[in-house]
Amino acid sequence: MPADFLWGAATAAYQVEGAVADDGRSPSIWDTFSHTPGRVHGGDTGDVATDHYRLFRSDVALMRQLGLGAYRFSVAWARIVPAPGGRVEPRGVAFYDRLVDELLAQGVEPALTLYHWDLPQYLQDAGGWTHRDTASRFAEYAGVVGRALGDRVRIWTTLNEPWCSAFLGYGSGVHAPGVTDPAASLTAHHHLMLAHGEAVAALRAELPSEGRISIALNLAAVRAASADPADTDAVRRVDGLANRIFLDPLLRGGYPPDVLGDTASVTDWSFVRDGDLAAISRPIDEMGLNYYTPSVVAGGAEPGDPRDDGHGVSDHSPWPACDDIRFLHAPGPRTAMGWPIDPTGLYDIIVRVRDEAPELPLMVTENGAAYPDTVGADGRIADPERQAYIAAHLGAVARAVADGARVRGYFVWSLLDNFEWAYGYAKRFGIVRVDFATRDRTLKDSAHWYASVIAAHRGRHGNGESQGA
Ligand code: IFM
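Residues numbered from 1 in each chain as written. Predicted model: local features only at pLDDT ≥ 70, side-chain atom pairs only at ≥ 80, totals over all residues. Heavy atoms only, no water.

Caption draft 1: Region of interest: the environment of I381. Mapped onto the secondary structure, I381 falls in the loop between β12 (362–367) and α14 (384–402). Residue classification places I381 among the buried positions, given a relative accessible area of 1%. Separated by 50 residues in the primary sequence, I381 and I431 have C-alpha atoms spaced 9.7 Å apart. Beyond its immediate sequence surroundings of up to four residues, I381 is in contact with D373, T374, V375, R433, T442, K444 and D445. (Helix = DSSP H or I, 4+ residues; strand = E, 2+ residues; numbered from the N terminus. Buried < 20%, exposed > 50% of the residue type's maximum accessible area, 1.4 Å probe, protein only. Contact = heavy atoms within 4.5 Å.)

Caption draft 2: Layout of the sheet that holds strand β7 (residues 287–290). Strand order in the closed barrel formed by eight strands is β1-β2-β3-β4-β5-β7-β12-β13, and the pairing between neighbours is parallel. Sheet twist, expressed as the mean angle between neighbouring strand axes with direction ignored, is 25°. In terms of strand pairing, strand β1 (residues 6–10) meets strand β13 (residues 407–413) through five bridges, oriented parallel. Counted as the bridge partner of A9 is V412 from β13. Its contacts with the sheet place helix α9 (residues 182–206) against β3 (109–115), β4 (155–160) and β5 (212–217), and it is angled at close to 160° to β4. (Pairing = 2+ DSSP bridges. Axes fitted to C-alpha atoms, helices over the stretch in contact; angles between N-to-C directions.)

Caption draft 3: Just helix α3 (residues 52–66), in detail. Its 15 residues place the ends of α3 only 17 Å apart at the C-alpha level, less than the 21 Å of an ideal helix rising 1.5 Å per residue. Its maximal kink placed at S58, α3 deviates by approximately 40°. Every buried residue belonging to α3 is among H52, Y53, F56, D59, V60, L62, M63 and L66, and all of these are buried. Looking one or two places after α3, you find G67, whose phi comes out positive at around 80°. (Expected span 1.5 Å × (residues − 1). Bend = angle between axes of the 7 residues up to and from the residue.)

Caption draft 4: Representation of the site of the ligand within the structure. In the region of the ligand, the neighbouring residues are Q15, H116, W117, N160, E161, Y292, W339, E366, W413, E420, W421 and F429. Within the side chain of W421, a nitrogen or oxygen atom sits 2.8 Å from an oxygen atom of the ligand. Considered on its own, the ligand offers 280 Å² of accessible surface; in the complex 96% of this is hidden by protein. (Near = heavy atom within 4 Å. Polar contact = N/O pair within 3.5 Å; in protein donor to acceptor, adjacent residues only side chain to side chain. Areas by Shrake-Rupley, 256 points an atom, 1.4 Å probe, with all protein chains shown as cover.)

Caption draft 5: Here's a closer look at the side chain of N218. Along the polypeptide, N218 turns up in the loop between β5 and β6 (222–224). The class of N218 is buried, set by a relative accessible area of 17%. N218 has contacts with E161, W163, C164 and N290, leaving out every residue within four places of it along the chain.

Caption draft 6: Molecular detail of the packing of aromatic side chains. Scanning the model with the defined rule gives 34 aromatic pairs in all. Judged by centre distance (5.2 Å) and plane angle (90°), the rings of Y14 and F419 are edge-to-face. A residue pair is termed long-range when its members are at least 10 positions apart, and Y14 in helix α1 (residues 13–16) and F419 in the loop between β13 and β14 (432–434) qualify at 405 residues. As far as the burial class goes, Y14 and F419 line up, both buried. Ring plane angle 35° and centroid distance 6.0 Å describe the contact between W163 and F167, whose orientation is recorded as tilted. Linking W163 with F167, this pair stays in helix α8 (residues 162–172), spanning four residues, or about one helical turn. Overall, the relative accessible area of 0% leaves F167 in the buried class. Three or more aromatic residues link up through ring pairs in this structure, and these residues are Y14, W30, F33, W117, F419, W421, Y425 and F436. The ring of Y347 carries the charged tip of R399 above its face, separated from the ring centre by 3.9 Å. (Phe/Tyr/Trp six-rings, centres within 6.5 Å; stacked < 30°, edge-to-face > 60°. Lys NZ or Arg CZ within 6 Å of the ring centre and 35° of its normal.)

Caption draft 7: Local environment of the pairing of β13. Counted residue by residue, β13 has seven buried out of seven residues, so it is predominantly covered. Where β12 lies against β13, four bridges are found, and the strand directions are parallel. Paired with M363 across the two strands is G409, which belongs to β13. Running through α14, the crossover from β12 to the neighbouring parallel element β13 is right-handed. (Right-handed = clockwise from strand over helix to strand, strands pointing away.)

Structure (structure tokens):
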């Protein structure tokens, strides 16, 4: 990796913070969703989660112990602007102030995401992401956070995985707000993209010139089940809805014509207004890529059965106008999410973006694996599968770097075991174990190993990370 490569780990507000009623925070759509019976495995909620809101100082101490160069976290919008009208809650801002100051004091660079799926419930009550106004509210919120923290935070991400917000939130309904309406999912998608573009402008107005603005996309490595033309056309369609529906407006200022055609039975796209695509394509400084597993698709199938697609169980597809497409699993070993392990997918999405935007620096903003870890009699948590997963994916990043991709950093998902959305606490992604009865943290073997990788890199490059620079 380059000398100034940033080695990090990531979390997100609702998944780790807890303290959902503290310091003026109002409910988000995930509070509502997780408290709705049947929505989340075991009735789990983020009410306490890992208690990071209270334990953040000791968590930052762990980061320092691991030698992390950066910590990627998200801000809970409902802590900052907890009610309609735009009033800013100073106690909410103060929490992130303390977190950022603690990170900087411990030599860990903050990497801030503005939206990791926890829309304030009052905005959902007004229509959520199907309501165009939500994009303007997001830009206002971005400006508030930019003003408060822009003097210390250099790495900014507007949205995390907007595909999930739009298509799991409004299509399959396995994520909050739990809507199952393909037209609504495409409307939400566009308003999320617009929110990103408006937030870029709002952040630019607040950040000093060193501020770097990005968006984190979970682009899909889509493969055909066979060379059959029905399968290759399924790849084109899914690629359109997973990848080009983001990359084309962001990088080229237009939606792909074939996607507009493929989805014409669902919506006429009249929610796109003049000027929207110019806003969405405002230049960004880097792009975040989140990757876990490839997608294998086949065409010409019978309409799907109820299924667990690795995000949750639903009778509704997250893919609009794709009822004739089947999603298969690649062969080979899988993680506890049922996700096949294939690092070449990460290589493929990195070089794709390298080819489409050669000047744009990239960050792997999430990558990691869930396994059912057990604590040994000696208290040790041996998680060789997770270690192997991360090592193999780092290998894919290194290969992409060697092939000319400008990858500036890698963030393990996740620092901590946490609230894994529809799966609650049943899936553990952390390199640090959290005992959800006591909230005690224990470094897993993968954490010790990741620390040694970082230390070896520093040893080779003389502590060359750009943190705080
Ligand atoms: O836990 C999630 C995270 O919030 C977003 N990306 C995928 C992770 C694993 O499912």
